[in-house]
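These are the residues of each chain, in order.
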Amino acid sequence: MPTQPPYLAIAAELRRRVQVGELGPGDRLPSTRAITREWGVAMATATKALAVLRQEGLARPEPGVGTVVAPVAKGARGGGGAARPLAREEIVTAALELADAEGLHTLTMRRVATKLGVSTMALYRHVPGKPELIRLMTDAACGEVPLGPVPAHWRTGLEHGARWLRDVYARHPWLAHAMASYTRPVATPNAMAYTEWILRAMRGTPLTRAQKIHTHLAIFAYVQGLSMADDLEEQARQDSGISDDEWMEQNEPRFDAIQSGGAYPELALVTSGDWFGLDLRTLFEFGLGRTLDGIASLIDETSA
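About the cut-offs
- Here the residue numbering is sequential within each chain, running from 1 through the sequence in written order.
- Local features in this predicted model are restricted to residues of pLDDT 70 or higher, and side-chain atom pairs are both shown and tallied only at a pLDDT of 80 or more, whereas totals for entire chains, interfaces and linings draw on every residue.
- The basis for the side-chain values is all heavy atoms of the structure; hydrogens and waters are excluded.
- Secondary structure elements are taken from DSSP: a helix is a run of H or I of four residues or more, a strand is a run of E of two residues or more, and numbering for both begins at the N terminus.
- Accessibility here uses a 1.4 Å probe with only protein chains present; expressed as a share of the type maximum, an area under 20% marks a residue as buried, one over 50% as exposed, and anything in between as partly exposed.
- Two residues form a contact once any of their heavy atoms are found within 4.5 Å.
- Methods summary: accessible areas were calculated by the Shrake-Rupley approach with a probe of 1.4 Å, and residue burial reflects only the protein chains presented.
- Only C-alpha atoms enter the line fits that serve as axes; for helices the fit covers just the stretch in contact. Angles between N-to-C directions range over 0 to 180 degrees.
- Should an angle fall under 35 degrees it is called roughly parallel, over 145 degrees roughly antiparallel, and 65 to 115 degrees roughly perpendicular, with every other angle called oblique.
- Only Asp, Glu, Lys and Arg are considered charged in this grouping, and only Ala, Val, Leu, Ile, Met, Phe, Trp, Tyr, Cys and Pro are considered nonpolar; every other residue, Gly among them, is considered polar.
- DSSP bridges decide pairing: two strands pair if at least two such bridges lie between them.
- As used here, the term nonpolar core means buried Ala, Val, Leu, Ile, Met, Phe, Trp, Tyr and Cys residues forming a set that is joined through side-chain atoms within 4.5 Å.
- Only Phe, Tyr and Trp rings are paired, with Trp represented by its six-membered ring, and only when their centres lie within 6.5 Å; those with planes under 30 degrees apart are stacked, over 60 edge-to-face, the remainder tilted.
- A score between 0 and 100, pLDDT records how confident the predictor is in each residue.
- Residues forming no salt bridge and having over 30% relative accessible area are the ones grouped into patches, like charges within 9 Å of each other and nonpolar side chains (Val, Leu, Ile, Met, Phe, Trp, Tyr) within 5 Å.
- We define a salt bridge as a side-chain nitrogen of Lys or Arg found within 4 Å of a carboxyl oxygen belonging to Asp or Glu.
- Here Asp and Glu are counted as negative and Lys and Arg as positive; His is not counted, and neither are the chain ends.
- In plain terms, the charge of a residue is placed at NZ if it is Lys, CZ if Arg, CG if Asp and CD if Glu.

J.: Requested: an account of the overall build of the protein, with residues and values cited.
T.: The number of helices and strands found in the protein is 14 helices and two strands. By the burial criterion, 36% of the 304 residues in the protein qualify as buried. Considering only contacts in the protein between residues 6 or more positions apart, those separated by 24 or more positions represent 67%. Surface exposure of the protein reaches about 17,400 Å², of which carbon and sulfur atoms provide 57%.

As structure tokens, this is what we get:
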């Protein structure tokens, strides 16, 4: 995983001191000036580190004192006593439910803790922070449904793998955004198992190692791009409160007005008539087929 920004690394160390009891409720946390001296960072970085702990509910400002460790909420699980231990799987499941329902941008450690009825501090005994939580969520999402045996023919395998990934994104729309980086892939067993499965599907082909990994990433990017479009369109429906057909009906006069001058004759030709309509499902099928045709040309096979 990529190195944490300095302010998150500082927050993680201060959080650790609280978790192991070096700092207890009401104890003063290092001031921004003390943090700049201890870690050699700028004042703005120190301020952001303390802000993270305040947002998580682990710290609060105390007038005349500074930033102190916040008290554990009464009755919260994980704060001591005979409460049932909190399992990491519970945390991941609760986070998945929140992200699926409301999107990844709304997910915070505090919201997960509230859903579970525990203090935010209790979560950090199992998960060091939101980046690691998202990694665990990604692994869980990718491990829900097995890919099954690798088909004998490469095209059947790649098509099955693309559809499997499309289904994963359909169940968890936030996942397409969480896995958006190609140069910094998410390191999880189940995500890597998917890559291994896809590469095995091409094992009997004459493709080079570079061609195999580029084929995998090209299909991955295609499925991911359409899945992100799915998520954005769903957000647009929720924000506007109108369906795609209603939106098109409202905006059709504007499109007609722009095209009426004759500046876009080819566009007018292909979009004229009652047949025209864009659907991401048909677009997915068309694009996947043409992508696999391109791979077939590399392998020197006739398009299926």
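J.: Explain the packing of helix H4 (residues 88-102) against helix H7 (residues 130-142) to me, and be specific about the residues and the numbers.
T.: Geometry of a packed helix pair, given as the angle between the helix axes and the separation of the axes. Contact geometry of H4 with H7 gives a least axis separation of 9 Å together with a crossing angle of 85°. It follows from the interaxial angle that H4 and H7 lie roughly perpendicular. The residues of H7 that touch H4, namely those facing Arg88, Ile91, Val92, Ala95, Leu96 and Ala99, are Leu133, Leu136, Met137 and Ala140. Classifying every residue of the contact of H4 with H7 gives nine nonpolar, no polar and one charged.

J.: Before we move on, could you go through the pairing of strand E1 (residues 59-62) and cite the residues and values that matter?
T.: With four bridges connecting them, E1 and strand E2 (residues 66-69) associate as antiparallel partners. Considered in E2, the bridge of Pro61 is made with Thr67. Connecting E1 to the antiparallel partner E2 that follows it, the hairpin turn spans three residues, and Gly64 within it adopts a positive phi of roughly 80°.

J.: Just give me the short version of the environment of Ala178, but keep the residues and values in it.
T.: By secondary structure assignment, the location of Ala178 is in helix H9 (residues 175-178). Taking relative accessible area as the criterion, Ala178 reaches 23% and is therefore assigned partly exposed. Between the alpha carbons of Ala178 and Thr138 there is a distance of 7.9 Å; along the sequence they are 40 residues apart. Excluding its chain neighbours within four sequence positions, the residues that come into contact with Ala178 are Leu104, Ile134, Thr138 and Val186.

J.: An account of the nonpolar core is needed here, citing residue identities and associated values.
T.: Among the nonpolar cores identified, the biggest contains 71 residues, and Val112, Leu123, Leu133, Met137 and Leu158 are the most heavily contacted of them. Residues in contact with Leu123, not counting those within four places in the same chain, are Leu86, Ile91, Met109, Val112, Ala113, Leu116 and Val118.

J.: Outline the packing of aromatic side chains, listing residues and values.
T.: If you walk through the whole model with that rule in mind, you get two aromatic pairs. On the basis of an interplanar angle of 15° and a centroid distance of 5.3 Å, the ring pair of Trp164 and Tyr194 is categorised as stacked. On the criterion of sequence distance, the pair formed by Trp164 in helix H8 (residues 154-171) and Tyr194 in helix H10 (residues 189-201) is long-range, its members being 30 residues apart. Take Trp164 and Tyr194: they sit in the same class, and that class is buried. Residues Tyr222 and Phe284 carry aromatic rings whose centres are separated by 6.1 Å and whose planes lie at 15° to one another, so their mutual orientation is stacked.

J.: So what's going on with the confidence of the model for the protein? Residues and values would help.
T.: Chain-level statistics for the protein give a pLDDT mean of 83 and a share of 87% at 70 or above. Averaged pLDDT values over the elements of the protein bottom out at 74 in helix H12 (residues 244-259) and peak at 96 in H8. Ignoring residues within four places in sequence, the model shows residues 74-84, a span with pLDDT below 50, making 18 contacts including any to other chains.

J.: Break down a negative patch on the surface for me, with residues and values.
T.: Together, Glu246, Glu249, Glu252 and Asp256 line one region of the surface with negative charge. Residue position: Asp256 is located in helix H12.

J.: How would you sum up the side chain of Thr67? Please name residues and give values.
T.: Topologically, Thr67 is positioned in strand E2. For Thr67, a relative accessible area of 13% corresponds to the buried category. Discounting chain neighbours no more than four positions away, the residues touching Thr67 are Asp27, Arg28, Leu29, Leu50, Arg54, Ala59, Arg60 and Pro61.

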